[in-house]
Number of protein chains: 2
Amino acid sequence: MQSEPILQDLIQALRCLPGVGQKSAQRMAFHLLERDRQGAFKLAQSLAEAVDKIGHCSVCQTLSSADICGLCSDDRRDQQLLCIVETPADVMAIDGATSFKGVYFVLNGRLSPLDGLGPADIGLDKLVDRLKMGVIKEIILATNPTVEGEATAHYISEMAKKYSVRATRIAHGVPFGGELEYIDSGTLSHAFSGRSEV
Amino acid sequence: MQSEPILQDLIQALRCLPGVGQKSAQRMAFHLLERDRQGAFKLAQSLAEAVDKIGHCSVCQTLSSADICGLCSDDRRDQQLLCIVETPADVMAIDGATSFKGVYFVLNGRLSPLDGLGPADIGLDKLVDRLKMGVIKEIILATNPTVEGEATAHYISEMAKKYSVRATRIAHGVPFGGELEYIDSGTLSHAFSGRSEV
Ligand SMILES: [Zn+2]
Ligand SMILES: [Zn+2]
């Protein structure tokens, strides 16, 4: 069906999805067009709306359609407890798995001198501004337990000391080298409650 | 992030894709919004365009944005050889794997008396009209080697006899119970050239 460019376009476009190769993309395209056009239409609308409306929270940098996200603006949450993560997916994972009721700060990745990523590149200047305000009493470091994640956690804990803020690290129930976002919620919850001073 | 309905909508919408559960959908949504907004935008457009413009060829019933598809309207293809398949995906698989240069006819599924699917439901009335025109010299039955696929092939071969048209079945290099669309191209090509009279 080299002769149907709109279908070929769709197959190519589906390959932007993580883990989707040529064969999966074909299977998805045929499934949608043969068996679920309503789903395809809804997906097109949801994608367009998400790309158009979702940006980053100006306070915590997580994904949000509002200037200040629902978590930051929820006054039942404890603004004195700040959990630092690498990605918005980690916010969702922790919020779903633990009973944490503080607020979050999402780094733009992690410190990586080899890639030229310094403190300002991952948003740590913003974090300093927040520490200066004096509201935060504890920083919970929930960066991934990778080499860069550990280095980033260490750097932030030194920063916290300067402003006399307590810094804790989530427990290493999380397997070393693993990505926080894919950990089962039991392990994640355990690691969270077993956090220790750093 | 219960607080971000547009993101939750997108995650739900992604689950219409075959093989995509909650975890994969989340991973896809975050990937698109954090790392590939251009891909997401393109995908939204491609989906909307495909749903809007792709229908079925009025001659062979495969997916097509034109009334008559590129395969049916290609006058370098042999209109005397007609390959019968179950789905548009099978057309793509055969066209990619074999050197077949005839034309196709896509059934709307396969005969399944238990599900109330008779000859007219899968488009065989259309096929009869085509046989009556007297152009077709050979019908190649490439339905899946499943119980219903075999029954459908048998039914069509009887139909072909009535109009004195030769009917062949692709060889059973394809494993029994398998879905044609997922077979490797070598096996499929072999099965195609080893087709036999039925
Ligand atoms: Zn926020
Ligand atoms: Zn056609």
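Note that the structure is predicted; figures quoted are calculated from it, not measured.

(A) The arrangement of the coordination of the zinc ion (ligand 1) in detail. All names here are of chain A. Summarising the metal site, the zinc ion (ligand 1) is bound by the protein donors Cys57 (SG), Cys60 (SG), Cys69 (SG) and Cys72 (SG), whose distances to it range over 2.3 Å. One way to put it: the four donor atoms around the zinc ion (ligand 1) meet at angles of 103 to 115°, and that makes the site tetrahedral. Between the donor residues of the zinc ion (ligand 1), the gaps in sequence give the motif C-x2-C-x8-C-x2-C. Across the pair, exposure class does not vary: Cys69 and Cys72 are buried alike.

(B) Molecular detail of the pairing of strand β4 (residues 102-106) of chain B. Residues and elements named next belong to chain B. Counted residue by residue, β4 has five buried out of five residues, so it is predominantly covered. Judged from the five bridges that link them, strand β3 (residues 78-85) and β4 form a sheet pairing that is parallel. Note that in β4 the partner of Ile84 across the bridge is Phe105. Note that the unit made of β3, helix α4 (residues 88-97) and β4 has a crossover that is right-handed.

(C) How the structure looks around the coordination of the zinc ion (ligand 2). All names here are of chain B. The coordination sphere of the zinc ion (ligand 2), as far as protein atoms go, consists of Cys57 (SG), Cys60 (SG), Cys69 (SG) and Cys72 (SG), spread over 2.3 to 2.4 Å. One can describe the site at the zinc ion (ligand 2) as tetrahedral: its four donor atoms subtend angles covering 104 to 114° at the metal. Between consecutive donors of the zinc ion (ligand 2), the numbers of intervening residues give the motif C-x2-C-x8-C-x2-C. Side by side, Cys60 and Cys69 carry an identical accessibility label, which is buried.

(D) Region of interest: the packing of aromatic side chains. Residues and elements named next belong to chain A. All chains considered together, the criterion is met by two aromatic pairs over all chains. Both rings, one in Phe100 and one in Tyr104, keep their centres 5.3 Å apart while their planes meet at 75°; by these two values the pair is edge-to-face. What makes Tyr104 buried here is its relative accessible area of 2%.

(E) Fine view of the nonpolar core. Ranked by internal contacts, the top residues of the largest apolar core, which has 50 residues, are Leu17(A) and Leu17(B). Those elements that provide at least two residues to this core are α1 (5-14), α2 (22-35), α3 (37-53) and α4 (88-97) of chain A together with α1 (5-14), α2 (22-35), α3 (37-53) and α4 of chain B. Setting aside anything within four residues of it in sequence, one finds Leu17(B) in contact with Leu14(A), Leu17(A), Met28(A), Leu32(A), Leu43(A) and Met28(B). Cys60(A), Leu71(A), Val85(A) and Phe192(A) belong to the second-largest nonpolar core, a separate cluster that totals 22 residues.

(F) The arrangement of the pattern of salt bridges in detail. Residues and elements named next belong to chain B. According to the stated counting rule, one finds 14 salt bridges over all chains in the structure shown. Here Asp95 and Arg77 are joined by a salt bridge, their closest N and O atoms 3.0 Å apart. With Asp95 in helix α4 and Arg77 in the loop between β2 (63-64) and β3, the pair connects residues that are 18 residues apart, well separated along the chain. For the salt bridge of Glu158 with Lys161, the shortest nitrogen-to-oxygen distance reads 3.5 Å. One end of the pair, Glu158, and the other, Lys161, are both in helix α6 (residues 147-162), three residues apart, so they sit about a helical turn from each other.

(G) Structural detail: the UniProt feature "zinc finger region: C4-type" (unreviewed entry) in chain A. The residues that UniProt annotates with the feature "zinc finger region: C4-type" (unreviewed entry) are residues 57-72 of chain A. Across residues 57-72 of chain A, helical content stands at 0% and strand content at 12%; the span's end C-alpha atoms are separated by 8 Å.

(H) Highlighting the interface of chain B and chain A. Facing 57 residues of chain B, the contacting portion of chain A comprises 57 residues. The junction of chain B with chain A conceals about 5,300 Å² of combined surface from both sides, 70% of it contributed by carbon and sulfur atoms. Our enumeration of links across chain B and chain A arrives at zero salt bridges. Between chain B and chain A we count eight residue pairs in polar contact (both at pLDDT 80 or more) in total. Elements that contribute at least two residues to the side of chain B that touches chain A include exactly α1, α2, α3, β1 (55-56), β2 and α4 of chain B. Considering each element in turn, the side of chain B that touches chain A owes the most residues, 14 residues, to α3(B). Residue composition of the side of chain B that touches chain A, by class: 32 nonpolar, 13 polar and twelve charged.

(I) Spotlight on unusual backbone geometry. Not every positive phi belongs to a glycine, and Gln61(B) is a case in point at roughly 70°. In this model, Ser164(B) sits at a positive phi of 55°, which is unusual for a non-glycine residue.

(J) Region of the structure containing the relation of the copies chain B and chain A. Superposition record for chain B on chain A: RMSD 0.0 Å, screw rotation 180°, translation along axis 0.0 Å. When the rotation and shift are considered jointly, the pair of chain copies conforms to a two-fold rotation axis. Distance from the rotation axis, computed per C-alpha, reaches its smallest value in chain B at Ala44(B): 2.1 Å. Comparing contact sets, 100% of the residues at the interface of chain B also lie at the interface in chain A, consistent with an isologous, same-surface contact.

(K) Region of interest: the confidence of the model for chain A. Residues and elements named next belong to chain A. For chain A, mean pLDDT is 89; residues scoring 70 or higher make up 92% of the total. Confidence scores differ between elements of chain A, with strand β7 (residues 196-197) showing the lowest mean pLDDT of 67 and α3 the highest of 98. On the interface metric, ipTM, the complex scores 0.84, and its pTM is 0.83.

(L) Layout of the packing of α1(A) against α2(A). All names here are of chain A. Running from amino to carboxyl end, α1 crosses α2 at an angle of 125°, the nearest separation of the two axes being 8 Å. The angle between α1 and α2 places the two elements in the oblique class. Crossing hand, α1 versus α2: right-handed. Here Leu7, Leu10, Ile11, Gln12 and Leu14 of α1 come into contact with α2, specifically with Gln22, Ala25, Gln26, Met28, Ala29, Phe30 and Leu33.

Parameters and conventions
Residues numbered from 1 in each chain as written. Chains lettered and ligands numbered in written order. Predicted model: local features only at pLDDT ≥ 70, side-chain atom pairs only at ≥ 80, totals over all residues. Heavy atoms only, no water. Donors = N, O, S within 2.8 Å, 3.2 Å for Na, K, Ca; no water. Tetrahedral: all angles 85-135°; square planar, octahedral: opposite > 155°, others 65-115°. Buried < 20%, exposed > 50% of the residue type's maximum accessible area, 1.4 Å probe, protein only. Helix = DSSP H or I, 4+ residues; strand = E, 2+ residues; numbered from the N terminus. Pairing = 2+ DSSP bridges. Right-handed = clockwise from strand over helix to strand, strands pointing away. Phe/Tyr/Trp six-rings, centres within 6.5 Å; stacked < 30°, edge-to-face > 60°. Core = buried A, V, L, I, M, F, W, Y, C linked by side-chain atoms within 4.5 Å. Contact = heavy atoms within 4.5 Å. Salt bridge = Lys/Arg side-chain N within 4 Å of Asp/Glu carboxyl O. UniProt positions renumbered as here; feature names shortened; annotations may be inferred. Buried area = accessible area lost by both parts, 1.4 Å probe. Polar contact = N/O pair within 3.5 Å; in protein donor to acceptor, adjacent residues only side chain to side chain. Nonpolar A, V, L, I, M, F, W, Y, C, P; charged D, E, K, R; others polar. Least-squares fit on C-alpha atoms with pLDDT ≥ 70 in both. pLDDT = per-residue confidence, 0-100. Axes fitted to C-alpha atoms, helices over the stretch in contact; angles between N-to-C directions. Parallel < 35°, antiparallel > 145°, perpendicular 65-115°, else oblique. Left-handed = near helix turned anticlockwise from the far one by under 90°.

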